[in-house]
Amino acid sequence: MATIFTRIINGEIPAYQIAEDENFIAILDINPLVKGHALVIPKQEVDYIFDLEDSTYLGLFFFAKKVGAAIEKTVPCERIGMAVIGLEVPHVHVHLVPLNNMGDINFTKSRVQLSKEEFEQLAQDIRANFQQA
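Residues numbered from 1 in each chain as written. Predicted model: local features only at pLDDT ≥ 70, side-chain atom pairs only at ≥ 80, totals over all residues. Heavy atoms only, no water.

K.L.:
I would appreciate a short explanation of the side chain of His-91 in the present structure.
P.N.:
Counting through the fold element by element, His-91 comes out in the loop between strand E4 (79-83) and strand E5 (94-99). The buried category is assigned to His-91, whose relative accessible area is 0%. At a separation of 3.4 Å, a polar atom in the side chain of His-91 contacts the main-chain carbonyl oxygen of Gln-44. In contact with His-91, other than residues within four places in its own chain, are Thr-3, Phe-5, Thr-6, Ile-9, Ile-41, Pro-42, Lys-43, Gln-44, Glu-45, Val-46 and Asp-47. (Helix = DSSP H or I, 4+ residues; strand = E, 2+ residues; numbered from the N terminus. Buried < 20%, exposed > 50% of the residue type's maximum accessible area, 1.4 Å probe, protein only. Polar contact = N/O pair within 3.5 Å; in protein donor to acceptor, adjacent residues only side chain to side chain. Contact = heavy atoms within 4.5 Å.)

K.L.:
Explain the nonpolar core to me, please; I cannot follow it from the model alone.
P.N.:
Most often, soluble globular proteins have nonpolar side chains that are buried together. Residues Ile-18, Leu-28, Val-40, Leu-60, Phe-63, Val-67 and Ile-71 are the most contacted members of the largest nonpolar core, which totals 27 residues. Here this core takes six residues from helix H2 (residues 54-74), the largest share from any one element. Those residues in contact with Ile-71 that sit more than four places away from it in its chain are Ile-18, Gly-36, Ala-38, Ile-80, Leu-96, Pro-98 and Ile-126. Core analysis: the second largest hydrophobic core is formed by eight residues, Phe-5, Ile-8, Ile-9 and Ile-27 among them. (Core = buried A, V, L, I, M, F, W, Y, C linked by side-chain atoms within 4.5 Å.)

K.L.:
How should I be thinking about the sheet that holds E4 in this particular structure?
P.N.:
The strands that make up a sheet pair up through hydrogen bonds in the backbone, lying either parallel or antiparallel. Strand order in the open sheet formed by five strands is E1-E2-E3-E5-E4, and the pairing between neighbours is antiparallel. Each edge of the sheet is formed by a strand with only one pairing partner; in this case those strands are strand E1 (17-20) and E4. Going from strand to strand, the sheet's axes swing by 20 degrees on average, the running direction of each strand aside. Of the strand pairs in this sheet, strand E3 (residues 38-42) and E5 are connected by three bridges, and their pairing is antiparallel. Residue pairing in the sheet places Val-40 in a bridge with Val-94 of E5. The strands touched by H2 are E1, strand E2 (24-28), E3, E4 and E5; relative to E3, the strand with the most contacts, the crossing angle is about 155 degrees. Sitting on the sheet, helix H3 (residues 116-132) is in contact with E1 and E2, with an inclination near 25 degrees to E1. (Pairing = 2+ DSSP bridges. Axes fitted to C-alpha atoms, helices over the stretch in contact; angles between N-to-C directions.)

K.L.:
In this structure, what is going on with the side chain of His-95? I would like to understand it.
P.N.:
Structurally, His-95 can be placed in strand E5. Engagement of the side chain of His-95 in a polar contact is seen with the side chain of His-37, the distance being 2.9 Å. Non-local contacts of His-95, meaning those with residues more than four positions away in its chain, are made with Asp-29, His-37, Ala-38, Leu-39, Gly-81, Met-82, Ala-83, Ile-85, Glu-88 and Phe-107.

K.L.:
When you look at the environment of Glu-118 in this model, what are you seeing that I'm missing?
P.N.:
Relative to the assigned elements, Glu-118 resides in helix H3. For Glu-118, a relative accessible area of 38% translates into the label partly exposed. Separated by 83 residues in sequence, Glu-118 and Lys-35 place their C-alpha atoms 9.4 Å apart.

This is the structure:
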């Protein structure tokens with residue numbers, strides 16, 4: 001059975017997409033730690049990050065770097081934090097989280113609530129910055 005991320009990649013489930021190339025996609029997390037929290041996902045469905053082929057692993061981090069730069073241009077923050085947890089969905093993904101303090105990347109804290117319109121505008125703004133890179 002396809003993961004939720006594969007279903008998003010295949011267009012079966014809507015998402016707030018912020019970047020894409022032939023191998024990777026980046027979407028806004030719909031349950032964000034902070035405004036601008038995004039997920040970078042390889043299109044190839046692999047459960048565990050260290051099971052990725054070397055070229056895919058390296059490509060994932062190069063793509064995440066570009067996405068992180070676009071988020072940083074869009075969302076006021078000191079820097080972009082990165083986390084790979086890998087337990088909640090059996091499909092590799094990297095969390096990119098705008099940081100102003102260490103607590104911003106605490107996955108046990110309450111999540112930020114954004115309206116559909118806020119998500120749409122944020123996604124549009126990050127996409128514009130990604131395309132300028």
